[in-house]
Amino acid sequence: MNEILDMSIHEMAKATFACSCGRTHSLDIDQIVMGQGAIKDLPKILSDFKDQSLYLLSDNHTYEAAGKEVERILEGAGYRTKQTVLDSGDGILIPDEKAVGKMFMELEENTGMIVAIGSGTLNDMAKYMSSRTRIPYTIVCTAPSMDGYASDGAPLMNGGKKISYKAVLPYAIVGDTDIMKKAPMRMIYAGYGDVIGKLTALADWKLSQEKTGEYYCDTIVKLVEKAVDKVVSHTEELANREEEAVLYLIEALTLTGVAMGLIGVSRPASGAEHMLSHYLEMAFIAQGKYPELHGIKVGIAAPIIAAVFDEMQDVLPESVKKMAPSGVYIENLLTKVGAPIDPKEIGIDRDLFYHCLLEGNTVRERYSVLDLAVEEGKIEEIAEKITSRFYE
């Protein structure tokens, strides 16, 4: 059981172990390679596909950040490549029917490996394509901005709505800190917010075990907590883009995905803070507005959900009280790195904010502290109290 806790992230690829929770966990990712200059190892990482064509997928931003160099390295090592650069203009790439369609239309018949160069959206598109074509994919991370690199879900836009499709895990994850430390600071804030959100997610998971008997794994919790602690202890260094702090951030984000992959559910990564984020995102999309980076919304939601835990202290099981972070603690962490904590900063008005607290638990059937507040008849009082803190 303890072996997985002592493994480096590189050693976790293809790991299988019998756990004290009674299950055998395994991770179907062949290679995880992270560190300074990691993309130079791509020819070795992809050596089993040397005789096949590689389909390189990027957008105009990630092509400049790393796609051009990936192409140079692979072609210099004798690989045959086909590069598709999707146009995201000056903004972010939207994974809609047009972008996904172009991605499929430019796929060549003899492709043996899809290599996506990017972060959230390009990773989602590549894993979706991989699941439908059965061609394996590798992700070259360009920003430590989210925890989906090692997850098997692919949220895409279809008919103006965001739909999460079941997809596959990558063949390999390659995270080069030389590239990621140059990512826009807002993407680093997003990654940090996503990591800090694990503190409330884990408390929600424990709460659900206590209240509903849901499956819970102490080993997976410890794995995520260990990764989060390394990020938290290097918060100030991350604000200065120091290499070691960026490495810990991408490792924590990847490890959370690994944790999900090991147990087959997203509980280690996603609780009520993600429900608020999804509620806000759907509202923004319905209004035709830019929905903001996922991790930025999670970062704003995490201290809010921690504040809900604060308000529910009198009815929380003792085991949950020990795990649940305070709202002040989470706010201080986010402030220290420079990430936004005020919902008004990303265009959330009072009415939307109030209703996301009232209705956030309806986003998905997953027990959380919001459900407990509803059961105890306290959700309206708490929603009004927290809303009044931000909106006079």
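Bear in mind that the values here come from a model prediction, so they are computed numbers and not experimental data.

**Q** Honestly, the overall build of the protein chain in this entry has me stumped. Any pointers?
**A** Regarding its fold elements, the protein chain presents 17 helices and 10 strands. The C-alpha radius of gyration of the protein chain comes to 20 Å, within 12% of the 21 Å expected for a compact globule of 392 residues. Each of the 392 residues in the protein chain was classed as buried or not, and the buried ones make up 59%. Within the protein chain, residue pairs in contact and separated by at least 24 positions form 75% of the contacts whose partners lie at least 6 positions apart. Summing over all exposed atoms, the protein chain offers an accessible surface of approximately 15900 Å²; the carbon and sulfur share of this is 47%. Considering the protein chain, the positive charge centre built from 40 side chains and the negative charge centre built from 59 side chains are found 2 Å apart.

**Q** When you look at the packing of helix α15 (residues 350–359) against helix α17 (residues 379–390) in this model, what are you seeing that I'm missing?
**A** If you want to describe how two helices pack, look at the angle between their axes and the distance between the axes. Where α15 contacts α17, the two axes come as close as 9 Å, and the packing angle between them is 145°. The crossing of α15 and α17 is right-handed. Counted together, Arg 350, Phe 353, Tyr 354, Leu 357 and Leu 358 of α15 and Ile 379, Glu 380, Ala 383, Glu 384, Ile 386, Thr 387, Ser 388 and Phe 390 of α17 form the full contact between these two elements. The residue inventory of the contact of α15 with α17, partitioned by class, reads eight nonpolar, two polar and three charged.

**Q** What is the right way to read the state of the cysteines from this model?
**A** Working definition of a disulfide: a covalent bond connecting the sulfur atoms of two cysteines. The tally for this structure, following the rule as stated, stands at zero disulfides. Cysteine Cys 217 shares no disulfide, and the gap to the nearest cysteine sulfur, in Cys 19, comes to 3.5 Å.

**Q** Where do I start with the pairing of strand β8 (residues 153–158) in this structure?
**A** Put simply, side chains in a regular strand alternate between the two faces of the sheet. In this structure, β8 lies alongside strand β9 (residues 161–166), joined through six bridges in antiparallel fashion. Bridge pairing in β9 links Met 157 to Lys 162. Linking β8 back to β9 in an antiparallel pair, the connection comprises two residues, with Gly 159 at a positive phi of about 65°.

**Q** What exactly am I supposed to notice about the pattern of salt bridges here?
**A** Side-chain pairs of opposite charge can arise whenever the charged atoms involved come near each other. Enumeration according to the criterion identifies 20 salt bridges in this entry. For the salt bridge of Lys 181 with Glu 243, the shortest nitrogen-to-oxygen distance reads 3.0 Å. You can see Lys 181 sitting in the loop between α6 (177–180) and α7 (185–212) and its partner Glu 243 sitting in helix α10 (residues 243–263), a full 62 residues away along the chain. Classification of Glu 243 by relative accessible area gives partly exposed; the value is 22%. For Asp 194, the salt bridge is made with Lys 198, and the minimal N-O distance between the two is 2.9 Å. Here Asp 194 and its partner Lys 198 are both found in helix α7, four residues apart, which amounts to about one turn of the helix. Across the pair, Lys 198 and Asp 194 agree in class, each one buried.

**Q** Any chance you could explain the packing of aromatic side chains here in plain terms?
**A** Any pair of aromatic rings gets described here by the distance separating the centres and the angle formed by the planes. By the definition in use, this model includes six aromatic pairs. Taking 6.3 Å as the distance between ring centres and 85° as the angle between the ring planes, the aromatic pair formed by Phe 104 and Tyr 128 counts as edge-to-face. Taken together, the residues Phe 104 in helix α4 (residues 97–105) and Tyr 128 in helix α5 (residues 120–133) connect sequence positions 24 residues apart. A relative accessible area of 30% means that Phe 104 is categorised as partly exposed. A relative accessible area of 16% places Tyr 128 in the buried class. A ring pair is formed by Phe 353 and Phe 390, whose centres lie 5.6 Å apart and whose planes are at 70°; its orientation type is edge-to-face. Note that Phe 353 is positioned in helix α15 and Phe 390 in helix α17, a separation of 37 residues in sequence. For the pair Phe 353 and Phe 390, one class covers both residues: buried. Positioned above the aromatic ring of Tyr 215 is the side chain of Arg 23, whose terminal nitrogen or guanidinium carbon lies 3.5 Å from the ring centre. One cation-aromatic arrangement involves Lys 206 over Tyr 216; the distance from NZ or CZ to the ring centre is 4.6 Å.

**Q** Can you help me understand the nonpolar core in this one?
**A** A general trend in soluble globular proteins is that nonpolar side chains are found buried together. In terms of nonpolar packing, the biggest core is built from 119 residues, with Trp 205, Phe 353, Leu 357 and Ile 386 touching the most fellow members. Excluding its chain neighbours within four sequence positions, the residues that come into contact with Ile 386 are Ile 304, Ala 307, Val 308, Phe 353 and Leu 357. Counting residues in each nonpolar core, the second largest holds 22 residues, with Leu 42, Val 70, Val 115 and Ile 117 among its members.

**Q** When you look at helix α3 (residues 60–76) in this model, what are you seeing that I'm missing?
**A** By the largest-angle criterion, Ala 66 marks the main kink of α3, which is about 55°. Within α3, the full set of buried residues consists of Thr 62, Tyr 63, Ala 66, Gly 67, Val 70, Glu 71, Ile 73 and Leu 74. N-capping of α3 is provided by Asp 59, with a side-chain oxygen placed 2.9 Å from the backbone N of His 61. The first or second residue beyond α3 is Gly 78, which carries a positive phi of 95°.

**Q** It is not clear to me how the side chain of Ser 270 should be interpreted in this structure. Could you clarify?
**A** With respect to the element layout, Ser 270 can be found in the loop between α10 and α11 (272–286). Residue class for Ser 270 comes out buried when judged on its relative accessible area of 8%. For Ser 270, the residues in contact, after removing those within four places along its chain, are Ala 201, Arg 364 and Arg 366.

**Q** Can you walk me through the sheet that holds strand β10 (residues 172–176) in this structure?
**A** To summarise the sheet geometry, strands pair through backbone hydrogen bonds and adopt either a parallel or an antiparallel arrangement. An order of β3-β10-β7-β6-β4-β5 is seen for the six strands of this open sheet, with the pairing classed as parallel. The open sheet has two edge strands, β3 (31–35) and β5 (80–86), and neither has a second partner. Each strand of the sheet is rotated relative to its neighbour by a mean of 15°, with strand direction disregarded. When strand β6 (residues 111–118) meets strand β7 (residues 137–141), the two strands line up parallel, connected through five bridges. Bridge pairing in β7 links Gly 118 to Cys 141. Its contacts with the sheet place α3 against β4 (53–59), β5, β6 and β7, and it is angled at close to 160° to β4. Contacts from α4 reach β4 and β5, with the element oriented near 165° to β5.

What counts as what
- Residues numbered from 1 in each chain as written.
- Predicted model: local features only at pLDDT ≥ 70, side-chain atom pairs only at ≥ 80, totals over all residues.
- Heavy atoms only, no water.
- Helix = DSSP H or I, 4+ residues; strand = E, 2+ residues; numbered from the N terminus.
- Rg over C-alpha atoms; globule rule 2.2 N^0.38 Å.
- Buried < 20%, exposed > 50% of the residue type's maximum accessible area, 1.4 Å probe, protein only.
- Contact = heavy atoms within 4.5 Å.
- Areas by Shrake-Rupley, 256 points an atom, 1.4 Å probe, with all protein chains shown as cover.
- Lys, Arg positive; Asp, Glu negative; His and termini not counted.
- Charge placed at Lys NZ, Arg CZ, Asp CG, Glu CD.
- Axes fitted to C-alpha atoms, helices over the stretch in contact; angles between N-to-C directions.
- Left-handed = near helix turned anticlockwise from the far one by under 90°.
- Nonpolar A, V, L, I, M, F, W, Y, C, P; charged D, E, K, R; others polar.
- Disulfide = S-S within 2.5 Å.
- Pairing = 2+ DSSP bridges.
- Salt bridge = Lys/Arg side-chain N within 4 Å of Asp/Glu carboxyl O.
- Phe/Tyr/Trp six-rings, centres within 6.5 Å; stacked < 30°, edge-to-face > 60°.
- Lys NZ or Arg CZ within 6 Å of the ring centre and 35° of its normal.
- Core = buried A, V, L, I, M, F, W, Y, C linked by side-chain atoms within 4.5 Å.
- Bend = angle between axes of the 7 residues up to and from the residue.
- Polar contact = N/O pair within 3.5 Å; in protein donor to acceptor, adjacent residues only side chain to side chain.

Read these as spatial facts, not as claims about activity.
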